[in-house]
Amino acid sequence: QVQLVESGGGLVQPGGSLRLSCTASGIIFSRYIMGWYRQAPGKQREHVARIDSAGSTNYADSVKGRFTISRDNVRGTVYLQMNSLKPEDTAVYYCNARAIGIGDYWGKGTLVTVSS
């Protein structure tokens, strides 16, 4: 059974930082592209960042220079370091594991609220 469990969300003031974690089980982690997506109230889910098995990364323009994605293949965990947070970063953040022809899995999400 595949599980992706996110943690690290919470309430933070504008300009603050948070670090999200997503730990996977039931998959061969190193084979998967790992990604973070977010969904704000009333909006569609959008891509935030992803990292492939070789460590190559891709970011949405809205988070470039502020967010950093990384992975630990031994621990089966992907991280999202979020700095200089803005109110518009408020959303539920979802972890995704995708391997073409093998599987596409989602976590249940963790809420990030940026507010003073």
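Residues numbered from 1 in each chain as written. Predicted model: local features only at pLDDT ≥ 70, side-chain atom pairs only at ≥ 80, totals over all residues. Heavy atoms only, no water.

(A) Seen up close, unusual backbone geometry. Although it is not a glycine, Ser84 adopts a positive phi angle of roughly 50°. Along the chain, Ser84 falls in the loop between β8 (77–82) and β9 (91–99). (Helix = DSSP H or I, 4+ residues; strand = E, 2+ residues; numbered from the N terminus.)

(B) Spatial organisation of the state of the cysteines. Considering all chains together, one arrives at 1 disulfide under this definition. Note on cysteine connectivity: Cys22 is disulfide-linked to Cys95, with sulfurs 2.1 Å apart. Where Cys22 bonds to Cys95 through sulfur, the torsion about that S-S bond is close to -80°, and the disulfide is left-handed. Highlighted residues: Cys22 in strand β3 (residues 18–25) and Cys95 in strand β9, separated in sequence by 73 residues. (Disulfide = S-S within 2.5 Å.)

(C) Summary view of the packing of aromatic side chains. The tally for this structure, following the rule as stated, stands at 2 aromatic pairs. Taking 6.2 Å as the distance between ring centres and 45° as the angle between the ring planes, the aromatic pair formed by Tyr32 and Tyr105 counts as tilted. Of this pair, Tyr32 sits in the loop between β3 and β4 (33–39) while Tyr105 sits in strand β10 (residues 103–106); the two residues are 73 residues apart in sequence, bridging distant segments of the chain. Judged by its relative accessible area of 4%, Tyr32 is buried. Aromatic side chains Tyr37 and Trp106 sit 5.0 Å apart centroid to centroid with 65° between the ring planes, which places their arrangement in the edge-to-face category. Here the residue Tyr37 occupies a position in strand β4, and Trp106 occupies one in strand β10, the gap between them amounting to 69 residues. For Arg19, the ring lying beneath its charged end belongs to Tyr79, and the centroid distance is 4.0 Å. Over the face of the ring belonging to Tyr94 we find Arg45, whose NZ or CZ atom lies 3.8 Å from the ring centre. (Phe/Tyr/Trp six-rings, centres within 6.5 Å; stacked < 30°, edge-to-face > 60°. Buried < 20%, exposed > 50% of the residue type's maximum accessible area, 1.4 Å probe, protein only. Lys NZ or Arg CZ within 6 Å of the ring centre and 35° of its normal.)

(D) Inspection of the environment of Arg38 at higher detail. Following the sequence through the fold, Arg38 ends up in strand β4. With a relative accessible area of 5%, Arg38 lands in the buried category. Excluding its chain neighbours within four sequence positions, the residues that come into contact with Arg38 are Gln44, Arg45, Glu46, Val48, Ser62, Val63, Phe67, Glu88, Asp89, Ala91, Val92 and Tyr93. Here Ser62 takes part through its side chain, which lies 3.4 Å from a polar atom of the side chain of Arg38. (Contact = heavy atoms within 4.5 Å. Polar contact = N/O pair within 3.5 Å; in protein donor to acceptor, adjacent residues only side chain to side chain.)

(E) Up close: the sheet that holds β3. Taken together, the 4 strands give an open sheet; going across it, the order is β1-β3-β8-β7, and neighbouring strands pair in antiparallel fashion. Pairing within the sheet leaves two strands with one partner each, and these edge strands are β1 (3–7) and β7 (67–72). Adjacent strand axes in the sheet meet at a mean angle of 15°, parallel and antiparallel pairs treated alike. As paired strands, β7 and β8 are joined by 6 bridges and run antiparallel to one another. What sits directly across from Arg71, in β8, is Val78. (Pairing = 2+ DSSP bridges. Axes fitted to C-alpha atoms, helices over the stretch in contact; angles between N-to-C directions.)

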